[in-house]
Amino acid sequence: MNIMNVDYSTKIPNNVNLSEDRQVLKALEGWHPGYIDWWNDMGPDGFQQSLVYLRTAYSVDPRGWAKFDYVKMPDYRWGILLAPQEENRVIPFGEHYGEPAWQEVPGEYRAALRRLIVIQGDTEPASVEQQRHLGKTAPSLYDLRNLFQVNVEEGRHLWAMVYLLQKYFGRDGREEADELLRRRSGDGDSPRMLGAFNEATPDWLSFFMFTYFTDRDGKMQLHSLAQSGFDPLSRTCRFMLTEEAHHMFVGETGISRVVQRTCEAMRAAGISDPADVAKVRALGVVDLPTIQKKLNLHYTLSLDLFGSEVSTNAANSFNSGIKGRFHETQIKDDHRLQNDTYPVLKLVDGQIKRVDEPALTALNMRLRDDYTQDCVKGLLRWNKIISTAGYDFKLTLPNVAFHRQIGEFRDIHATPDGVLIDDATWNKRKTDWLPSVDDGDFIASLMTPVTATGEFAPWISPPKVGIDNKPGDFEYVKIET
Ligand SMILES: [Fe+2]
Ligand SMILES: [Fe+2]
């Protein structure tokens, strides 16, 4: 069987030869009804019978892997797709540096690997749950389609992790796979595993921020796992990254289009001060200070996903060869890091200071730094839109000490500029920096659905190009069928 092409003859599309792997096929087929129940209960609310113009992977060839067609979401072919096996791949870091990559789970790392896969797997359905109400307020059919594309692919990412659990982890893998369908985002009794995945995604600006900042955490984690010495995990993550790029595109261009529309409206109305919130809001667009607050919230929630800056878990995962660094194979060092240091921002005597820590325990910090660098690119684009419109206003990333619940700065308060402040000041000022109830109400007031082809809600610009090069009036979702 050609690994590049996907076998659609089995109930579960795959390029891992499932039809000859009876036991795993049976386990996955046993899991399938529960997944469909979960999708029906927790997937997009409404629209399940609508025809959506979705892409589906038919190949894992990076030169051409997706085809577009109208599909009802419950009929989407969620499949198991691994990037092609690299011949003679070796473990690119840690104690086993240079040894052949593992095709089976090494016994001594079984528990740690399973945990990493479960944590990654848990985020995938969580975001679908968080976004399930957004369809009802989509600003256009184009955006509605993008939401559903992201949702079905997060569903596929769950399948990807469940395949690894069921194929390589026996009975406890099957139990974990069931648990992934049992937990619910934001649930009091059985929440999802990570904080940001239990937060609400109440409106479309949140959705764009989430896909920009939180899916980008996912990208960093997938990149690190794509380096794994456990080859099936590496290959799984490599293909997931292909899909993930679109999710971040949705976020980046979504925010661009909101910023664009706000600037156009301000100019048309002759507003010179973008910080004049009341005047800007009267135009029915999102003011730039509120966009900054949303950005502050989603960026900091996403920073928390990287865990503690200094972590022996991170060191162990690296040493044992199960989780590498961002672009590990391109880094020029010994890939063992036994004698290296890395600068970590810490709280020292009430001040934020850079402290050199052993590079191994500082790996979360390093990945977070790589993440921040990656985030900056979008801000440059958004700020370009603002400056081109003639406004003196810059969106910025807040200091990493601001609004943290995990790591070095979880017990203190700081301003977005990184000035430490006391509780009273924080409580007085936090709604200057984070969305308030009023801000949320205002954004909610803009969220009226637009379902006519080629039309867009007045708070967001149309995209520059259509999906699959479709024209502006293309019917991306046939709501009535
Ligand atoms: Fe994902
Ligand atoms: Fe994603």
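Scroll up a little and you will see the structure.
What comes next concerns the included structure. What you see is a predicted model; the values in this text were computed from it and never measured.

Before going further, it helps to examine the coordination of the iron ion (ligand 2). Around the iron ion (ligand 2), the protein contributes the donor atoms Glu154 (OE), Asp215 (OD), Glu244 (OE) and His247 (ND1), which lie 1.8 to 2.2 Å from the metal centre. Here the iron ion (ligand 2) binds 4 donor atoms, and the angle range of 87 to 168° at the metal identifies the geometry as irregular. Positions of the donor residues of the iron ion (ligand 2) along the chain correspond to the pattern E-x60-D-x28-E-x2-H. Taken as a pair, the iron ion (ligand 2) and the iron ion (ligand 1) show a spacing of 3.5 Å, with Glu154 coordinating each metal. Of the two residues, Glu154 sits in helix H3 (residues 141–168) while His247 sits in helix H6 (residues 231–268), which places them 93 residues apart along the sequence. Across this residue pair, the class does not change: Glu154 and His247 are buried.

On to the pairing of strand S1 (residues 51–57), then. Summarising burial for S1: 6 of the 7 residues are buried, a large majority. In this sheet, strand S2 (residues 66–72) lies alongside S1 in antiparallel orientation, the contact comprising 7 bridges. Among the inter-strand pairings, Arg55 is bridged to a residue of S2, identified as Phe68. Note: S1 against strand S7 (residues 477–478), 2 bridges, orientation antiparallel. Residue Leu51 lies in a different strand from S7, and its bridge partner there is Lys478.

Moving on, we get to unusual backbone geometry. Leaving glycine out, the prevailing phi sign among residues is negative, and the prevailing peptide bond configuration is trans. Residues other than glycine seldom take positive phi values, yet Asn17 does so here, at roughly 60°. Residues other than glycine seldom take positive phi values, yet Asn469 does so here, at roughly 55°. Note that Asn469 resides in the loop between helix H12 (437–446) and S7.

A few words now on the coordination of the iron ion (ligand 1). Those protein atoms acting as donors to the iron ion (ligand 1) are Glu124 (OE), Glu154 (OE) and His157 (ND1), and they sit at 2.0 to 2.2 Å. Each donor residue of the iron ion (ligand 1) lies on one chain, and together they are spaced E-x29-E-x2-H.

With that settled, the discussion passes to the sheet that holds S7. Judged by pairing direction, the sheet is antiparallel, and its 3 strands sit side by side in the order S2-S1-S7 without closing on themselves. Single-partner strands in this sheet number two, and they are S2 and S7. Sheet contacts for H3: S1, S2 and S7; angle to S1, the most-contacted strand, approximately 45°.

Let us look at the nonpolar core. Judged by nonpolar contacts, the single largest core of 127 residues is most densely connected at Tyr163 and Phe213. Tallying contributions element by element places H3 first for this core, with 16 residues. Leave out the neighbours within four places in its chain, and Tyr163 touches Val16, Leu18, Val24, Leu28, Ile80, Leu82 and Tyr168.

As a further point, take helix H4 (residues 170–182). A rise of 1.5 Å per residue sets the reference length of H4, with its 13 residues, at 18 Å; its end C-alpha atoms lie 19 Å apart and thus fit the reference within 8%. If you check which residues of H4 are buried, you get Gly173, Ala177, Leu180 and Leu181. One side of H4 carries all its buried residues, which in axial view fall inside an arc of 95°.

Where strand S3 (residues 341–348) and strand S4 (residues 351–358) come together, 8 bridges link them in antiparallel fashion. By the bridge assignment for S4, Val344 is matched with Val355. Counted along the chain from S3 to the antiparallel partner S4, the turn is 2 residues long, and its residue Asp349 has a positive phi close to 50°.

Scoring rules and cut-offs
- Residues numbered from 1 in each chain as written.
- Chains lettered and ligands numbered in written order.
- Predicted model: local features only at pLDDT ≥ 70, side-chain atom pairs only at ≥ 80, totals over all residues.
- Heavy atoms only, no water.
- Donors = N, O, S within 2.8 Å, 3.2 Å for Na, K, Ca; no water.
- Tetrahedral: all angles 85-135°; square planar, octahedral: opposite > 155°, others 65-115°.
- Helix = DSSP H or I, 4+ residues; strand = E, 2+ residues; numbered from the N terminus.
- Buried < 20%, exposed > 50% of the residue type's maximum accessible area, 1.4 Å probe, protein only.
- Pairing = 2+ DSSP bridges.
- Contact = heavy atoms within 4.5 Å.
- Axes fitted to C-alpha atoms, helices over the stretch in contact; angles between N-to-C directions.
- Core = buried A, V, L, I, M, F, W, Y, C linked by side-chain atoms within 4.5 Å.
- Expected span 1.5 Å × (residues − 1).
- Arc of directions from axis to C-beta.

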